[in-house]
Amino acid sequence: MRIVAAGASGMIGQPLVRWWRSAGHDVVRLVRRAPTAPDEVQWDPASGRLDPARLGRVDAAVNLAGAGVADRRWTESYRRTVVESRTSATATLARALASLDEPPSVLLQGSAIGYYGDRGAEPLDESSSAGEEFLARCCVAWEAAAAPARAAGIRTASLRTGLVMAPRGGAFGQVLPLVRLGLGGPLGGGRDWWSWITLEDELRAIDHLLHADVSGPVNLVAPDPRPSGEIIAELARALHRPAVLPVPAAALRVALGGFAEEVLASRRLAPAALLASGFRFSHPDLPSAVRWTLAG
């Protein structure tokens, strides 16, 4: 297949491109700078510029583009950046794909479990309503921006990714060094539910959705959500380190600003759409996920 990839330089995008290329797919990366390689096509999502003629034949597309939610403190300016970087990239790509004489069969559209807001211990799946917090409203707008692709008949799946468990990068990449030093502990009490997925299963799930006849929202999370305190304790146990020093919610808010609402949010999610489509996890439970993460 010939696949167009936006956001190919991120923690998920880079290994996903390698994964698909190793499987024999032709991956075209969208870049904002001047192209320096034959597999790159320049675009400017902020101004809505992407020449469809530069894409050539397209069988599928994946869009993971957007400013990192944990990269900077959440000032009002950066909140706008987080939203606009996602909606403008999505709308630009969706319009370009829809305008092709032969549109691709599928768009795998980035999103996040932030869609659901902070829901305590309430069991949630893809049929659950959106939350009202900042990231929930961001995800609603992000997914809606793909409307031109859906209107053109392109199968569109919204990838509501959970906390990605990986040796480096992402939320767990920040937690692991602390746990290794024996400084890990419950965050804000440790009772908030974390819905997670290993990076390996994230890549496998996205590849699965490239071919599976699934559209609409898809929770990319493992079927074993746990309170955050249990997850950190499992990491510490595997590393033979203590995990007893709690990190108060007030301290997190001082250290992280608005992003603390994401760290402290509680979402108990089920991957209903993935399981119904026949996907099988390599790491369906927390102990196996921790072993894989620490072996990386």
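In this text, all values refer to a predicted model and were calculated from it rather than measured experimentally. (Residues numbered from 1 in each chain as written. Predicted model: local features only at pLDDT ≥ 70, side-chain atom pairs only at ≥ 80, totals over all residues. Heavy atoms only, no water.)

A. How the structure looks around the sheet that holds strand S3 (residues 40–42). One open sheet accounts for seven strands, arranged S3-S2-S1-S4-S5-S7-S11; its pairing is parallel. Each edge of the open sheet is held by one strand with a lone partner, namely S3 and strand S11 (216–220). Looking at each pair of strands side by side, their axes are set apart by 25° on average, direction ignored. Here three bridges tie strand S2 (residues 26–31) to S3, and the two strands are oriented parallel to one another. Counterpart to Leu30 in the pairing with S3 is Val41. Strand contacts of helix H3 (residues 134–144): strand S5 (106–112) and strand S7 (155–161), with the helix running at about 170° to S5, the strand carrying the most contacts. Contacting strand S1 (2–6), strand S4 (60–63), S5, S7 and S11, helix H6 (residues 199–211) crosses the sheet at an angle of about 165° to S7. (Pairing = 2+ DSSP bridges. Helix = DSSP H or I, 4+ residues; strand = E, 2+ residues; numbered from the N terminus. Axes fitted to C-alpha atoms, helices over the stretch in contact; angles between N-to-C directions. Contact = heavy atoms within 4.5 Å.)

B. Spotlight on the packing of helix H5 (residues 170–180) against helix H7 (residues 228–239). In contact at an axis separation of 10 Å, H5 and H7 are set at 50° when each is read in the N-to-C sense. Between H5 and H7, the crossing angle belongs to the class labelled oblique. Once H5 is placed against H7, the crossing between them reads as right-handed. For the pair H5 and H7, the contacting residues are Phe172, Val175, Leu176, Val179 and Arg180 in the first and Ile231, Ile232, Leu235, Ala236 and Leu239 in the second. Class assignment for the residues of the contact of H5 with H7 results in nine nonpolar, no polar and one charged. (Parallel < 35°, antiparallel > 145°, perpendicular 65-115°, else oblique. Left-handed = near helix turned anticlockwise from the far one by under 90°. Nonpolar A, V, L, I, M, F, W, Y, C, P; charged D, E, K, R; others polar.)

C. Region of the structure containing the pairing of S2. Pairing analysis gives four bridges linking S1 to S2, with the strands arranged parallel. Within the sheet, the bridge partner assigned to Arg2 lies in S2 and is Asp26. A crossover links S1 with its parallel partner S2, the connecting element being helix H1 (residues 13–22), and its sense is right-handed. (Right-handed = clockwise from strand over helix to strand, strands pointing away.)

D. Spatial organisation of the side chain of Ser128. Among the secondary structure elements, Ser128 is positioned in the loop between strand S6 (123–124) and H3. Ignoring any residue separated from it by four or fewer positions in sequence, one finds Ser128 in contact with Tyr115, Tyr116, Arg119 and Pro123.

E. Fine view of the pattern of salt bridges. Summed over all chains, the structure comprises 14 salt bridges. A salt bridge links Glu122 to Arg119, with the nearest nitrogen and oxygen atoms 3.1 Å apart. For Arg119, a relative accessible area of 18% puts it in the buried group. (Salt bridge = Lys/Arg side-chain N within 4 Å of Asp/Glu carboxyl O. Buried < 20%, exposed > 50% of the residue type's maximum accessible area, 1.4 Å probe, protein only.)

F. Quick look at the nonpolar core. By size, the foremost hydrophobic cluster in this structure holds 49 residues, and its most contacted members are Trp20, Leu108 and Leu220. At six residues, H6 tops the list of elements feeding residues into this core. Once residues within four sequence positions are removed from consideration, Leu108 is found in contact with Trp20, Ala61, Val62, Asn63, Ala157, Leu159, Ile206, Leu209 and Leu210. Judged by nonpolar contacts, the second largest core, of 21 residues, contains Ala6, Leu55, Ala65 and Ala94. (Core = buried A, V, L, I, M, F, W, Y, C linked by side-chain atoms within 4.5 Å.)

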